[in-house]
Amino acid sequence: MCFCVIEGDGADTMCKEIVGHPFGDPEYTGKQWPLADVRLLAPMLPSKIVAIGRNYADHVAEVFKKSAESLPPTLFIKPPTAVIGPGAAIKIPDFATNVEFEGELALVIGRACKNVKAEDWKTVVRGYTIINDVSSRDLQFSDGQWARAKGMDTFAPLGPWIETNLDAIDLGNLPIKAHLTHDGTTETKQDSNSTQMIMSVGEIIEYITASMTLLPGDIVSTGSPAGTAPMVPGDYIEIEIPGIGRLGNPVERA
C-alpha cells in the first residue's frame, strides 16, 4: 500500500508513488502504474469523521418532515472503523432494516487546527473527496442518537481520491448525485446542489473547531442533500460529484 498522486486523463491516467504522507509537497519515488492496474483504497484513514447533519434544507424536509428553520444543523461523529474504499462492499447487518445512502462532499483536513475562523478554512483543508454517509434510519430514530445508525462497520465509503486544488471546485454551485442500481435498473436518486446548504464550508469548519481539534487526515462531511433512499443487499450505489469523481460500492448482507 502507498500514497500516490494521480495524473492524466482517461486511459493515460497514472498513479505516481510518493514518499510518506500526502500532507505536504509530494516527493516522488519514481514508481508509477496505470490507474487501471491498481486497486484504490480509501484515500485516508481518519482519526474521526466529523459530520454535519441537517445541513441541506431539502433533506431536512425529506427525512425529518420539518423546516430547516425549526431544526438547525447538528454534529455527529462516525468512527474510523466505518471507512471503506471504492468498490468495497457496504455490509448491512440483519438488525438494520431501513438503510439509506447519503452522498456528500467531504473535506480532508491538512493540519491540526482549533478555533479556525470561517474565512480561513482553506488554510486547514488539504482537499475534497466523496463520502457516502450510510445511515440506518430505523436505528437512527429508535435510538434517539445516531452513533449506532451511522457508525457501523462499512458505513462510511470514502473516495475515490482527494482533489487537492481547492479552487477547482465551485462550492457555491456544486451538483451532487447518487445513482442506485437495483434489480439491474439504475436510477438517479439524489440530484441536488450545494446551493441547498445551510452552513457554508467555512462556517462548518469554524463551528466544529470551536469545540474540538481536527487532526491531519480527519474527514469533515458537509451534509446530505435530498434524494436519499433505501438500499438492500444486491444493490450498487454510486455517488457522483463533478470535479472529484465517482464513488461506487456494492451492497451485501453482513
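Please read these numbers as outputs of a predicted model, since none were measured by experiment.

Observations concerning the sheet that holds strand β7 (residues 90-92)
What the 5 strands build is an open sheet, ordered β7-β17-β16-β13-β14; its pairing is mixed. Across the chains shown, the open sheet's two edge strands, defined by having one partner strand only, are β7 and β14 (185-193). Taking each pair of neighbouring strands and ignoring which way they run, the sheet shows an average axis angle of 20°. Pairing of strand β13 (residues 175-182) with strand β16 (residues 236-241) involves 5 bridges; the strand directions are antiparallel. What sits directly across from T181, in β16, is Y236.

What to know about the domain arrangement of the chain
What the domain assignment reports for the chain is domain 1 (1-38) and domain 2 (40-253). The gap between the C-alpha centroids of domain 1 and domain 2 is 25 Å. Listed as interface residues are 8 residues of domain 1 and, on the opposing side, 10 residues of domain 2. Between domain 1 and domain 2, the buried area comes to about 700 Å², and carbon and sulfur atoms account for 76% of it. For the interface between domain 1 and domain 2, the tally reads 0 salt bridges. For the pair domain 1 and domain 2, the number of links is 2 residue pairs in polar contact (both at pLDDT 80 or more).

Re a negative patch on the surface
The grouping of E119, D120, E203 and E206 at the surface amounts to a negative patch. Along the polypeptide, E203 turns up in helix α4 (residues 201-209).

Here we look at the environment of K114
Locating K114 in the fold gives a position in the loop between β9 (103-109) and β10 (125-132). Assessed through its relative accessible area of 37%, K114 is described here as partly exposed. Through-space distance from the C-alpha of K114 to that of N132 is 26 Å; in sequence the pair is 18 residues apart. Setting aside its immediate chain neighbours within four residues, K114 contacts T209, A210, S211, M212 and T213. A polar contact is formed between the side chain of K114 and the backbone oxygen of A210, at a distance of 3.2 Å.

As for α4
The complete set of buried residues in α4 reads V201, G202, I204, I205, I208 and T209. One side of α4 carries all its buried residues, which in axial view fall inside an arc of 160°. On its buried face, α4 sits against β4 (49-53), β5 (74-78), β9, β10 and β15 (219-221).

Basis of the calculations
Residues numbered from 1 in each chain as written. Predicted model: local features only at pLDDT ≥ 70, side-chain atom pairs only at ≥ 80, totals over all residues. Heavy atoms only, no water. Pairing = 2+ DSSP bridges. Helix = DSSP H or I, 4+ residues; strand = E, 2+ residues; numbered from the N terminus. Axes fitted to C-alpha atoms, helices over the stretch in contact; angles between N-to-C directions. Domains from an automatic or database assignment. Contact = heavy atoms within 4.5 Å. Buried area = accessible area lost by both parts, 1.4 Å probe. Salt bridge = Lys/Arg side-chain N within 4 Å of Asp/Glu carboxyl O. Polar contact = N/O pair within 3.5 Å; in protein donor to acceptor, adjacent residues only side chain to side chain. Patch = residues over 30% accessible without salt bridge, like charges linked within 9 Å, V, L, I, M, F, W, Y side chains within 5 Å. Areas by Shrake-Rupley, 256 points an atom, 1.4 Å probe, with all protein chains shown as cover. Lys, Arg positive; Asp, Glu negative; His and termini not counted. Charge placed at Lys NZ, Arg CZ, Asp CG, Glu CD. Buried < 20%, exposed > 50% of the residue type's maximum accessible area, 1.4 Å probe, protein only. Arc of directions from axis to C-beta.

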